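Topology and contacts: notes
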Amino acid sequence: MLPRPRLWVSLVPYGIGRTKPNHYFEILRTVWDNRHDLPYAWRILSKGVCDGCALGVAGFRDWTMEGVHLCTTRLDLLKLNTARALDPAQLADVKRLPRSAAALRSLGRLPFPMLRRRGEPGFRRIGWDEALDLVAARIRATTPERIGIYLTARGLTNETYYAAQKVARYLGTNNIDNAARVCHAPSTGALRKAIGVAATTCSYRDVIESDLVVLFGADVANAQPVFMKYLYLARKRGTKVLVVNPFREPGLESYWVPSSVESALFGTKMTDAFYQIHTGGDLAFVRGVLRVLIDEGGVDEGFVRDHTEGFAELRRVLAAISLDDLAVAAGSTPAELRAFATTYREARSAVFVWSMGVTQHVCGTENVQGIVDLALARGNVGRPGAGLMPIRGHSGVQGGAEMGAYATAFPGGLPVTPENARVLGERYGFEVPARPGLTVAEMVEAAGRGEMDVLWSSGGNFLATLPDPNSVRSALASTSLRVHQDILVSPQMLVEGDEVLLLPAMTRYEQPGGGTETTTERRIVLSPEIPGPRPGEARPEWDIFAEIGRRARPLAAPGLGLRSAAEIREEIAEVVPAYAGIERLAAGGDSFQWGGRHLCEDWRFPTPDGRAQFSDVMPAAAEQRPGRYQLSTRRGKQFNSMVWRERDPLTGAGRDALFLSAVDAIALAVTEGDPLVVRAEGGATVRARAHVVPIRAGNVQMFWPEANPLIAQGRRDAVSGVPDYNAVVEISRG
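Not measured: the values here are computed from a predicted model.

**With respect to the overall build of the protein chain**
For the protein chain, the helix and strand inventory stands at 27 helices and 29 strands. Taken along its principal axes, the extent of the C-alpha atoms in the protein chain is 70 × 60 × 55 Å. By the burial criterion, 64% of the 734 residues in the protein chain qualify as buried. Excluding contacts between residues fewer than 6 apart, the proportion of contacts in the protein chain whose partners are at least 24 apart in sequence is 77%.

If you want it as structure tokens, here you go:
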């Protein structure tokens, strides 16, 4: 544990175009939002494991630095966990319900199973037996390939993910997916192929102890505010920080640290240099830097020779591309590539951090491969102060994939193959399907074609999270039975279908026996059951999955298991070797880090030949068309698709803002706040208002999910299946 101030509060920064935040006001707001049961709210904060981002805080503490810390994301989420039950009569006529997600959340917790059939004005309360038997009957009446199950990252536990995937395979389908598919699926595949592991290779302490931290396509000040405490202490120790991103994110420019008087008054400079590349220019940028390292003798030739394969081919391919061409494709300059390479070469260790600005592209896997190659070129993996960190935005996604709630992987991340299916089937005592299933986007598209009879989602809101919401709405309406298992009402529940069933779920803090999450640094932590009110008849999510499985196939049900959280953890320990020890977690905050502090320690790679593998993927040629702009999506004051504030305190922008450069604003003859029309190549339009910011010319950004109508359905990374949340657009005055 590293020493640090006794109190840390993670805050948004302030500066030009923003207002200085008042964290004490945020605390007062939280008190007001939870005034109906403040003792319960306090127990959740002080005893529970945070259900926000995947950095992981147990109570008010973590395993990296001493002292107490808290972030506004966790404070915002608290009111969802203490909300009172809604009156079921409110759902009797959906036409009278608000349509915004925020207003629907404010109705309160789902307390009872509710059913609506086509033609009915709204939902009526039914009993659990009727609800469970309905789902089981619809499953028996169809075939496994016409069943789809999806789990979001809304505070879900490893126990829920594990139970869901086992039930899916018990029902004969691999059509099960989770929120990791639409964020870090490219990271999982690229890391496993290159170094044999599919997770962050280092620990948070390595960020603090590293010479250099590079953020690629990640705004941690917004999405993972607790991470800023690590960067702050790293900066105090002399760590350099570089950011590669089209927009000069204000939260990474400076940060307000209340425990430091100077920082509280003036902010702390967090970044040494910004490299403002084009949207999608990441691979060209890192290839350009690698080309400079090769030309200037900056490669660790000994490490490359003794511990890797494929570098000779990569060197050969790179030699055929000029540095100027790579710079143009990146939206950079040769001088910037050399400057980055110099800083990197002079650092004894480096941690590369990336997020959805890198992965949510049609070339997401290639982007990650390029970042991994750049780290391998200097041996920055498997040693102190060095590593690869695909930083997670939600507390459940790391464990979700590792539990096997994935269309393309079994528990432990094993690929779906006939041999792996046979081994898992022998362990389970029933036949496990041997072909990969449908990813979440493919499930919804199949529903739109009338090929999905049961679409079962635990949390989530497809209307806000997937591209082309009009097509998504049509697909939801075309599904015979939709099951929405959740704690609150969401807009997708109101889309009429043949049968729409709402199942009330418990939060992680309510589940008997507690539940575990896996953090970004691979730490498995137990969050205990917190004494307090229980809304209506809400059930543990793992229990809902298990009970429907038993009713759908009652003759084989005795072998399904999944009778308690403790039993599930025991089974996880047997099926997923890396998780051995999860069954011994007993008290809240108990934890262990699978794989230890460093994966691939001492450069031992769990690949078939024991060596890391370079790739030779290269960027596509740069294509900049006059009058066209590269649009990407961004997050504001929100958690996933749940928007907390209509104005983003990081940037001062409203939710209808179109972030564009001063150069482009002049070319379009617009100024701050002017109305605009943004048109995608497919014809979809969205109205916006100009927000002039320091972003690379030719690139624009809009908030997600407001920009989703501009994002084309079906455009995905061919390797991982992650949707491409970017578009080429035209902009005109509105």
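From this point, the narrative continues.
**Description of empty space enclosed by the protein**
Following the criterion strictly, the structure yields six cavities of 30 Å³ or more and no others. In this structure, the largest cavity spans a volume of roughly 770 Å³. As for the largest cavity, its lining consists of 44 residues, and the residues nearest its centre are Ser-355, Met-356, Gly-357, Gln-360 and Arg-635. Elements with a minimum of two residues in the lining of the largest cavity: helix 9 (220-223), helix 18 (356-359), strand 22 (629-634) and strand 23 (638-639). Considering each element in turn, the lining of the largest cavity owes the most residues, three residues, to strand 22. Of the residues assigned to the lining of the largest cavity, the class counts are 13 nonpolar, 25 polar and six charged.

**Regarding the sheet that holds strand 25 (residues 657-660)**
With mixed pairing, the six strands of this closed barrel are ordered in space as 22-28-25-27-26-29. With strand direction ignored, the average angle separating the axes of adjacent strands in the sheet is 45°. Note that strand 26 (residues 675-680) and strand 27 (residues 685-692) share five bridges and pair antiparallel. Paired with Arg-679 across the bridge in strand 27 is Thr-685.

**With respect to the packing of aromatic side chains**
For the structure on display, the rule yields 18 aromatic pairs. For the pair Tyr-170 and Phe-430, a centre-to-centre distance of 5.3 Å together with 75° between the ring planes defines the contact as edge-to-face. In this pair, Tyr-170 sits in helix 6 (residues 158-170) while Phe-430 sits in the loop between helix 21 (418-428) and helix 22 (440-448), placing the two residues 260 residues apart along the sequence. Here the two residues Tyr-170 and Phe-430 agree in accessibility, since each one is buried. Each ring, one from Tyr-204 and one from Tyr-230, has its centre 5.2 Å from the other, and the planes form 15°; the classification is stacked.

**Structural notes on the nonpolar core**
Core analysis: the biggest nonpolar cluster contains 145 residues, and Ile-195, Phe-216, Phe-285, Phe-340 and Phe-352 have the highest contact counts within it. No other element matches helix 13 (residues 282-295), which puts nine residues into this core. Dropping the residues within four chain positions of it, Ile-195 is found in contact with Thr-201, Leu-376, Val-381, Leu-388, Cys-600, Phe-605, Pro-606, Thr-607 and Ala-612. In this structure, Met-65, Leu-215, Tyr-232 and Met-389 belong to the second largest nonpolar core, which totals 31 residues.

**What to know about the packing of helix 13 against helix 19 (residues 364-376)**
Where helix 13 contacts helix 19, the axes come no closer than 8 Å and their chain directions differ by 25°. Considered as vectors, helix 13 and helix 19 are oriented roughly parallel to each other. Where helix 13 crosses over helix 19, the two elements pack in a sense that is left-handed. For the pair helix 13 and helix 19, contact is made by Asp-282, Leu-283, Val-286, Arg-287, Val-289, Leu-290 and Leu-293 and by Glu-366, Asn-367, Gly-370, Ile-371, Asp-373 and Leu-374, respectively. Of the residues that constitute the contact of helix 13 with helix 19, the class distribution is seven nonpolar, two polar and four charged.

**Description of the sheet that holds strand 3 (residues 114-117)**
The mixed open sheet is built from seven strands, whose spatial order is 4-3-17-16-15-5-6. Of all the strands in the sheet, just strand 4 (124-125) and strand 6 (176-178) have a single pairing partner and so form its edges. Looking at chain direction, strand 3 and strand 4 are connected through two bridges and run antiparallel. Looking across to strand 4, one finds that Met-114 is bridged to Arg-125. Taken strand by strand, helix 6 contacts strand 5 (147-151) and strand 6, and its axis lies near 160° from that of strand 6.

**What about unusual backbone geometry?**
With omega at 20°, the peptide bond leading from Trp-704 into Pro-705 counts as cis. By secondary structure assignment, the location of Pro-705 is in the loop between strand 28 (699-703) and strand 29 (726-733). One non-glycine residue, Asp-468, lies in positive phi territory at about 55°. Residue position: Asp-468 is located in the loop between helix 23 (462-465) and helix 24 (469-477). If you check the backbone angles, Asn-640 has positive phi at about 55° while not being a glycine.

**Notes on the packing of helix 21 against helix 26 (residues 565-575)**
Interaxial distance between helix 21 and helix 26 falls to 12 Å at its minimum, and their mutual angle equals 140°. With respect to the hand of their crossing, helix 21 and helix 26 are arranged in right-handed fashion. Where helix 21 approaches helix 26, its residues Leu-424, Arg-427 and Tyr-428 are matched on the opposing element by Glu-571, Glu-574 and Val-575.

**Brief notes about the pairing of strand 14 (residues 387-390)**
Both faces of strand 14 are covered, namely the face carrying Gly-387 and Met-389 and the face carrying Leu-388 and Pro-390. Taken together, the four bridges between strand 13 (residues 350-354) and strand 14 define a ladder with parallel strand orientation. Bridging from a neighbouring strand, Val-353 pairs with Met-389 of strand 14.

**Concerning helix 19**
Taking 1.5 Å of rise per residue, the 13 residues of helix 19 would be expected to cover 18 Å, and the 19 Å separating its terminal C-alpha atoms lies within 8% of that figure. The complete set of buried residues in helix 19 reads Gly-364, Thr-365, Asn-367, Val-368, Gln-369, Gly-370, Ile-371, Val-372, Asp-373, Leu-374, Ala-375 and Leu-376.

**What to know about the pattern of salt bridges**
Where charged atoms from two side chains of opposite charge approach closely, those side chains can pair. This structure, assessed with the given rule, holds 49 salt bridges. Note that Arg-551 and Asp-133 form a salt bridge whose closest N and O atoms lie 2.9 Å from each other. With a gap of 418 residues between them, Arg-551 in helix 25 (residues 541-552) and Asp-133 in helix 5 (residues 128-140) connect regions that are remote in the sequence. Classification of Asp-133 as partly exposed rests on a relative accessible area of 39%. Where Glu-209 meets Arg-597, a salt bridge forms, and the shortest distance between an N and an O atom there is 2.9 Å. Of the two residues, Glu-209 is situated in helix 8 (residues 204-209) and Arg-597 in the loop between strand 20 (591-593) and strand 21 (612-613); the sequence distance between them amounts to 388 residues. Note on Glu-209: relative accessible area 31%, which makes it partly exposed. The structure contains a network of salt bridges with shared partners spanning Asp-129, Asp-133, Glu-547, Arg-550 and Arg-551.

Rules used in this analysis
- Residues numbered from 1 in each chain as written.
- Predicted model: local features only at pLDDT ≥ 70, side-chain atom pairs only at ≥ 80, totals over all residues.
- Heavy atoms only, no water.
- Helix = DSSP H or I, 4+ residues; strand = E, 2+ residues; numbered from the N terminus.
- Buried < 20%, exposed > 50% of the residue type's maximum accessible area, 1.4 Å probe, protein only.
- Contact = heavy atoms within 4.5 Å.
- 1 Å grid on protein atoms, 1.4 Å probe; cavity = no way out; pocket = protein on both sides within 12 Å on 5 of 7 lines; lining within 4 Å.
- Points joined across faces, edges and corners; volume = space filled by probe spheres on them.
- Nonpolar A, V, L, I, M, F, W, Y, C, P; charged D, E, K, R; others polar.
- Pairing = 2+ DSSP bridges.
- Axes fitted to C-alpha atoms, helices over the stretch in contact; angles between N-to-C directions.
- Phe/Tyr/Trp six-rings, centres within 6.5 Å; stacked < 30°, edge-to-face > 60°.
- Core = buried A, V, L, I, M, F, W, Y, C linked by side-chain atoms within 4.5 Å.
- Parallel < 35°, antiparallel > 145°, perpendicular 65-115°, else oblique.
- Left-handed = near helix turned anticlockwise from the far one by under 90°.
- Expected span 1.5 Å × (residues − 1).
- Salt bridge = Lys/Arg side-chain N within 4 Å of Asp/Glu carboxyl O.

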